[in-house]
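# Coordinate inspection notes
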Amino acid sequence: IFFAAVQAKIFVSSLPDLNLFHLKRSKHNVHYAYVHHSLLSTHTIYLERAFDHFDSIFCSGPHHVSETRNAERMRGLTPKKLIRHGYARLNTMMAQIHQQPGNDFGNRHTSVLIAPSWGPGTILENESLATEIITRLLASGFRTTIPPHPMTQRSSRILLKKLTARFGAAPGFQIDNDISGTEALAEADLMISDWSGAALEFAFGRLRPVLFVDVPRKVNHPNYEALETKPLEVTIRTEIGTIANASKLDELPAKVTALLSEGDTMADKIAHARAQYVFNLGDSGRAGAQRIADQLPA
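The rules behind each value
- Residues numbered from 1 in each chain as written.
- Predicted model: local features only at pLDDT ≥ 70, side-chain atom pairs only at ≥ 80, totals over all residues.
- Heavy atoms only, no water.
- Pairing = 2+ DSSP bridges.
- Helix = DSSP H or I, 4+ residues; strand = E, 2+ residues; numbered from the N terminus.
- Axes fitted to C-alpha atoms, helices over the stretch in contact; angles between N-to-C directions.
- Contact = heavy atoms within 4.5 Å.
- Core = buried A, V, L, I, M, F, W, Y, C linked by side-chain atoms within 4.5 Å.
- Buried < 20%, exposed > 50% of the residue type's maximum accessible area, 1.4 Å probe, protein only.
- Salt bridge = Lys/Arg side-chain N within 4 Å of Asp/Glu carboxyl O.
- pLDDT = per-residue confidence, 0-100.
- Arc of directions from axis to C-beta.
- Polar contact = N/O pair within 3.5 Å; in protein donor to acceptor, adjacent residues only side chain to side chain.

### As for the sheet that holds strand β5 (residues 111-114)
Read across the open sheet, the 6 strands follow the order β7-β6-β5-β8-β9-β10; overall the sheet is parallel. Looking at the sheet topology across the chains shown, the edges are occupied by β7 (173-175) and β10 (241-244). Neighbour-to-neighbour, the strand axes of the sheet open up by a mean angle of 20°, direction not taken into account. On the sheet, helix α4 (residues 127-139) packs against β5, β6 (143-146), β7, β8 (190-193) and β9 (210-213) and is oriented at approximately 175° with respect to β5.

### Points about the nonpolar core
Grouped together as the largest cluster of nonpolar side chains are 72 residues, with contacts concentrated most on I133, L137, I192, L200, F204 and I240. The element that contributes the greatest number of residues to this core is α4, accounting for 6 residues. The contacts of I240, once residues within four sequence positions are left out, are A199, L200, A203, F204, R208, P209, V210, F212, M266, I270 and A273.

### Quick word on the pattern of salt bridges
Across all of its chains, the model carries 12 salt bridges by this definition. E48 is paired through a salt bridge with R75; the nearest N and O atoms lie 3.9 Å apart. Taken together, the residues span a long stretch of sequence, with E48 in the loop between β2 (31-35) and β3 (56-59) and R75 in helix α2 (residues 62-75) at a distance of 27 residues. In this structure, E187 engages R143 in a salt bridge whose closest nitrogen and oxygen atoms are separated by 3.6 Å. Of this pair, E187 sits in helix α7 (residues 182-187) while R143 is found in strand β6, placing the two residues 44 residues apart along the sequence. A residue is classified by how much of its surface remains accessible, and E187, at 30% relative accessible area, is partly exposed. A single network of salt bridges, built from pairs that share partners, joins E48, R49, D52 and R75.

### A few points about the confidence of the model for the chain
In the predicted model, the chain carries a mean pLDDT of 90, and the fraction of residues at 70 or more is 94%. Counted against residues more than four places away or in other chains, residues 103-107, with its pLDDT under 50, gives 8 contacts.

### A look at helix α3 (residues 88-97)
For α3, the set of buried residues is L90, N91, M93 and I97. Along α3, the residues classed as buried sweep out an arc of 165° about the axis, all on the same side.

### Comments concerning the side chain of S13
In this structure, S13 sits in strand β1 (residues 10-13). Under the relative-accessibility criterion, S13 is labelled buried at 13%. For S13, the side chain forms a polar contact with the main-chain nitrogen of L15, separated by 2.9 Å.

### Digging into the side chain of H36
For H36, the position within the fold is in the loop between β2 and β3. Setting aside residues no more than four positions away along its own chain, H36 makes contact with T42, F51, I57, F58, C59, S60, H64 and Y87.

### Quick notes on the sheet that holds β2
Strand order in this open sheet of 4 strands is β1-β2-β3-β4, and the pairing throughout is parallel. Two strands in the sheet have a free side with no partner beyond their single neighbour: β1 and β4 (81-84). Here the strands of the sheet are splayed against their neighbours by 20° on average, with no regard to which way each runs. Where β1 lies against β2, 4 bridges are found, and the strand directions are parallel. What sits directly across from I10, in β2, is H31. Of the strands in this sheet, β1, β3 and β4 touch helix α13 (residues 284-293), which is tilted by about 165° from β3.

### Overview of unusual backbone geometry
The backbone phi angle of D17 is positive, close to 70°, even though this residue is not glycine. Residue N280 is not a glycine yet carries a positive backbone phi of 45°. Secondary-structure assignment places N280 in the loop between α12 (263-277) and α13. When its relative accessible area of 30% is taken as the criterion, N280 is described as partly exposed.

In structure tokens:
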């Protein structure tokens, strides 16, 4: 009822699928602006028409611009106003961990963060896969922390309890239920993920690498290939880390060590990717607020 009757000049939302289900555009003349809550591409993990009914899109990076324009051309949509915004979550993370002490590899164990996406097929919703990964990391002396996605905490409570029961007493293992995950992110030397947007946040926020376990992709738009644009989460993997075969997890510890041995070279590589894929690094709030204050002129 609120959505259908709201009166405002501009309605800013990070909730996609406007006008597709029960949340409709207002009967009044309202300008709808979408602010991305992930750096991931727009045409695989979201529904096909997730952004069609917005008037403006606050784009995190150039990939959001090209993907949106491709979708408009393909479906004959009126072009939206696309704002070169950036990504506030990344800016916040960088500010919060700026004062954290540097990693001292000589005086402590390497710290690995397991932060996958949520849903069927992901690391923490596959008991045997999660168990093997944790077992191999701990056996190699790596501190291992899991900050479960909020949706995983809801849908996979039994599995999380099993992992706690099995590994909870192991030195160096913990499940961190802090929803912000800032402390765990600041302490980690490397992240293990699958198709999660958290992987890009970690890599770009810390300039640390990600080891991607190659589980089946998360696709909610089965016709995405028609847009002829490869998703960022596919193309960027080897730019900010490397890929591990889910059926060859015996190689996992060696891959972790190899990634960390690249040190400054990998950090420079990630910094280059960050500059390429994120608008207004460190300044997206000002850029976005200014466009809202200007009432989104053409």
